[in-house]
Amino acid sequence: MNNIPPNEAKISARAVAAFANTPNPRLRQVVQSLVRHLHAFASEVELTEEEWLEGIRFLTDTGKQCDGIVRQEFILLSDVIGLSMLVDAINHRASEAATETTVFGPFYIAGMPERGHGENMAFTPGEQALVLGRVLDAAGEPIAGAVLDVWQTAENGMYSGQDPDQPLTNLRGRYRTDEEGRFAIRTIIPVSYPIPTDGPVGRLLQASDRHPWRPAHLHFMVMAPGHRTLVTHLFNHDDPYLESDVVFGVKDSLKVVYQPCQANHPLAARHDIDGAFRLASYDFVLEREIA
Ligand SMILES: [Fe+2]
């Protein structure tokens, strides 16, 4: 880093000191650190006035691309610079027994319908899939009545809400575990998809020669009373973008295989599936809520 001229260092010191009387100590710590690091960044790159204005424009455009429903460009920005995964890692350091976490992403919609055991959440075409498993506590005991809020894209790579041709409840739903902690989700095999590139985040990726693709995945938010809510994905194990996920979200423990099953497989009759399908299995482990 270059040596900062004294008058510039003085501006930074005064700006940090201006927040010294913030009554909330955590807010004081966060804001002072943020100001200190932003000043250090501007000094390090010797930010030009034109670049500063471009940065303001970029953030303004990012805000304008947020619609309050499914488009949340700031989360997308946080995701593609790895900040979301860093915050995730900081907040799950002691979770060794629990299923690993990954990004929440910008496409969750709350209040989706409750679905029965094995109910199909896919109203658009795709390769039929059944996802089975259990929700367990850290001691391996099943958790009955855990809720799994699930969401994924259609075969065209778009989430409901992004795509006017899909019903809003398509490929979304809330499943509940039975007495033995089991869940069953009927859906279609997830596909890789590019994050939206028609906004400022897309321009940033293009200017950086980065691709916009995410490896195929199924989103989960798993909740049970007394346990920490788990936000994670299950990734298709053979996806070509696993190593270069644009949001850095992949963890080895979250990869699943979708095994091919014939139409005469016993699970087909049990779950009322016509024709061949793919079967994936995964057990989620929740940790106790920290008191
Ligand atoms: Fe996603």
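Structure first, text after, so check above.
What you see is a predicted model, and the numbers here were worked out from it, not measured in a lab.

**Focus on the overall build of the protein chain**
Thought 1: When helices and strands are counted, the protein chain shows seven helices and 12 strands.
Thought 2: The principal-axis extents of the C-alpha atoms in the protein chain amount to approximately 80 × 45 × 30 Å.
Thought 3: By residue count, 43% of the 291 residues in the protein chain fall in the buried class.
Thought 4: Residue pairs in contact within the protein chain that sit at least 24 positions apart in sequence constitute 70% of those at least 6 positions apart.
Thought 5: As presented, the protein chain carries roughly 15700 Å² of accessible surface, and 55% of it is formed by carbon and sulfur atoms.
Thought 6: When the 25 basic and 38 acidic side-chain charges of the protein chain are each reduced to a single mean position, those positions are 6 Å apart.

**A short note on the pairing of strand β2 (residues 147–151)**
Thought 1: Within β2, five of the five residues are buried, leaving the element largely enclosed by the surrounding structure.
Thought 2: Side chains Val147, Asp149 and Trp151 of β2 all project onto a buried face; the interleaved residues Leu148 and Val150 project onto the opposite face, where all are buried too.
Thought 3: Sheet topology places β2 next to strand β3 (residues 172–176); five bridges connect them, and they run antiparallel. Bridging across to β3, Val150 finds its partner in Gly173.
Thought 4: Here five bridges tie β2 to strand β7 (residues 217–223), and the two strands are oriented antiparallel to one another.

**Here we look at the sheet that holds strand β8 (residues 230–236)**
Thought 1: Spatially, five strands are ordered β3-β2-β7-β8-β9 in an open sheet, and the strand pairing comes out mixed. Whereas interior strands pair on both sides, the edge strands pair on one side only; in this sheet they are β3 and β9 (255–256).

**Some words on the coordination of the iron ion**
Around a metal, the ideal angle is 109.5 degrees if four donors adopt a tetrahedral arrangement and 90 or 180 degrees if six donors adopt an octahedral arrangement.
Thought 1: Taken together, the protein ligands of the iron ion are Tyr159 (OH), Tyr193 (OH), His217 (NE2) and His219 (NE2), with distances of 1.9 to 2.1 Å.
Thought 2: Considering all four donor atoms around the iron ion, angles at the metal cover 89 to 163° and the coordination shape is irregular.
Thought 3: Summarised as a motif, the one-chain spacing of the donors to the iron ion is Y-x33-Y-x23-H-x1-H. With Tyr193 in strand β5 (residues 193–194) and His219 in strand β7, this pair connects stretches of sequence that are 26 residues apart.
Thought 4: For His219, a relative accessible area of 2% corresponds to the buried category.

About the thresholds
Residues numbered from 1 in each chain as written. Predicted model: local features only at pLDDT ≥ 70, side-chain atom pairs only at ≥ 80, totals over all residues. Heavy atoms only, no water. Helix = DSSP H or I, 4+ residues; strand = E, 2+ residues; numbered from the N terminus. Buried < 20%, exposed > 50% of the residue type's maximum accessible area, 1.4 Å probe, protein only. Contact = heavy atoms within 4.5 Å. Areas by Shrake-Rupley, 256 points an atom, 1.4 Å probe, with all protein chains shown as cover. Lys, Arg positive; Asp, Glu negative; His and termini not counted. Charge placed at Lys NZ, Arg CZ, Asp CG, Glu CD. Pairing = 2+ DSSP bridges. Donors = N, O, S within 2.8 Å, 3.2 Å for Na, K, Ca; no water. Tetrahedral: all angles 85-135°; square planar, octahedral: opposite > 155°, others 65-115°.

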